[in-house]
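# Notes for the structure review
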Amino acid sequence: MKYTINRDRPFVTYPDICKKSGAASPSFPSGHTSSAFATATSLTLAYPRWYIVVPSFAWAGTVAYSRMDLGVHYPSDILIGAMIGAGSAWLTFKINKKLNIRSGKKSLTAGN
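Computed from a predicted model, the values in this text were never measured in an experiment.

## Examining the overall build of the protein
The number of helices and strands found in the protein is 5 helices and 0 strands. Buried positions account for 32% of the 112 residues belonging to the protein. As displayed, the protein offers around 7100 Å² of accessible surface, 65% of which is attributable to carbon and sulfur atoms.

Okay, structure coming up:
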């Protein structure tokens, strides 16, 4: 997706932004943010307790903010990255649950 859209990084488009981190690939979407939100969503779906949910998403939000602060992503890169990460984790959770029900296996996830 990054190479299809091929969006320049903010420090390339706006030379006054100081690049604080290395970045070789295009900007859109943020892979770090996608991974962080996929992890937070997966943990939340598996262990739906406030003491898991709050720190997980706080950490994911911090990762997302850091990408903008480092000058390597636009806010839209972060937003779409978070949606991709959370969406893929949720979809994988639902598919796994259906497959486990069909095969008669007990899932390790909450709600079973």
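## Comments concerning helix 5 (residues 75-103)
Counted at 1.5 Å a residue, the expected span for helix 5 with its 29 residues is 42 Å, and the 42 Å between its end C-alpha atoms agrees. Buried within helix 5 are the following residues: Asp77, Ile78, Gly81, Ala82, Gly85, Ala89, Phe93 and Asn100. Among the structural elements, helix 3 (31-46) and helix 4 (50-69) are those in contact with the buried residues of helix 5.

## Topic: helix 3
Every α-helical turn comprises 3.6 residues, leaving residues that sit three or four positions apart pointing alike. Under the 1.5 Å per step criterion, the end-to-end length of helix 3 is 22 Å for 16 residues, consistent within 8% with the ideal 22 Å. All buried positions along helix 3 are accounted for by Thr33, Ser34, Ala36, Phe37, Ala38, Ala40, Thr41 and Thr44.

## Things to note about the environment of Arg9
Tracing the sequence through the fold places Arg9 in the loop between helix 1 (2-5) and helix 2 (10-13). C-alpha separation for the pair Arg9 and Gly71, spaced 62 residues apart in sequence, amounts to 7.9 Å.

## What to know about the packing of helix 3 against helix 5
Running from amino to carboxyl end, helix 3 crosses helix 5 at an angle of 35 degrees, the nearest separation of the two axes being 7 Å. Relative to helix 5, the crossing made by helix 3 is right-handed. When helix 3 is examined against helix 5, the residues Thr33, Ser34, Phe37, Ala38, Thr41, Ser42 and Leu45 are found in contact with a partner set consisting of Ile78, Gly81, Ala82, Ile84, Gly85, Ala86, Ala89, Trp90 and Phe93. Split by residue class, the contact of helix 3 with helix 5 holds 10 nonpolar, 6 polar and no charged.

## Remarks on the packing of helix 3 against helix 4
Interaxial distance between helix 3 and helix 4 falls to 9 Å at its minimum, and their mutual angle equals 175 degrees. Classified by the interaxial angle, the pair formed by helix 3 and helix 4 is roughly antiparallel. Across the interface between the two elements, His32, Thr33, Ala36, Phe37, Thr39, Ala40, Thr41, Leu43 and Thr44 of helix 3 pack against Ile52, Val53, Ser56, Phe57, Trp59, Ala60, Gly61, Val63, Ala64 and Arg67 of helix 4. Residues of the contact of helix 3 with helix 4, tallied by class, amount to 11 nonpolar, 7 polar and 1 charged.

## Here we look at a nonpolar patch on the surface
A surface patch of nonpolar side chains, amounting to about 400 Å² of accessible area, comprises Trp90, Leu91, Ile95 and Leu99. Mapped onto the secondary structure, Trp90 falls in helix 5. On the accessibility criterion, Trp90 (44% relative accessible area) is partly exposed.

## Things to note about the confidence of the model for the protein
Summing up the model confidence of the protein, the mean pLDDT is 83 and the portion of residues at 70 or higher is 81%. Taken element by element, the protein is modelled with least confidence in helix 1, mean pLDDT 68, and with most confidence in helix 3, mean pLDDT 94.

## Structural notes on the side chain of Thr41
Its place among the elements puts Thr41 in helix 3. By relative accessible area, which is 9% here, Thr41 ends up buried. Polar contacts involving the side chain of Thr41 include one to the main-chain carbonyl oxygen of Phe37, which spans 2.7 Å.

What counts, and at which threshold
Every chain is numbered on its own, with residues counted from 1 as its sequence reads. Restriction of local features to residues with pLDDT of at least 70 applies here, the model being predicted, together with a cutoff of 80 or more for giving and counting side-chain atom pairs; totals for whole chains, interfaces and linings are based on all residues. Hydrogens are left out, water is left out, and the side-chain values use all remaining heavy atoms of the structure. Every helix listed is a DSSP run of H or I at least four residues long, and every strand listed is a run of E at least two residues long, numbered separately from the N terminus. The cut-offs for exposure are 20% and 50% of the maximum accessible area for each residue type, with area from a 1.4 Å probe on protein chains only; residues under the lower value are buried, those over the upper are exposed, and the others partly exposed. The Shrake-Rupley method, run with a 1.4 Å probe sphere, supplies the accessible areas, and residue values consider only the shown protein chains as cover. Under the convention used throughout, the expected extent of a helix is 1.5 Å for every residue step, that is, one less than its residue count. Pairs of residues are marked as contacts when any of their non-hydrogen atoms sit within 4.5 Å. Lines fitted to C-alpha atoms define the axes, with helix axes restricted to the stretch in contact, and inter-axis angles between N-to-C directions lie between 0 and 180 degrees. Less than a right angle of anticlockwise turn of the near helix away from the far helix marks a crossing as left-handed, whereas a clockwise turn marks it as right-handed. Ten residues, namely Ala, Val, Leu, Ile, Met, Phe, Trp, Tyr, Cys and Pro, are considered nonpolar, four, namely Asp, Glu, Lys and Arg, are considered charged, and the remaining ones, Gly among them, are considered polar. These descriptions rest on fixed angle ranges, namely under 35 degrees for roughly parallel, over 145 for roughly antiparallel, 65 to 115 for roughly perpendicular, and the rest for oblique. The patches reported here contain residues having more than 30% relative accessible area and no salt bridge. Joining distances are 9 Å for like charges and 5 Å for nonpolar side chains (Val, Leu, Ile, Met, Phe, Trp, Tyr). Should a side-chain nitrogen of Lys or Arg be within 4 Å of a carboxyl oxygen of Asp or Glu, the pair is scored as a salt bridge. The quantity known as pLDDT measures the predictor's confidence residue by residue, on a range of 0 to 100. Throughout this description, a polar contact denotes any pair of N or O atoms lying within 3.5 Å of each other; where both atoms belong to protein, one of them has to be capable of donating a hydrogen while the other can accept it, and for residues adjacent in sequence the pair is counted only when both atoms sit in side chains.

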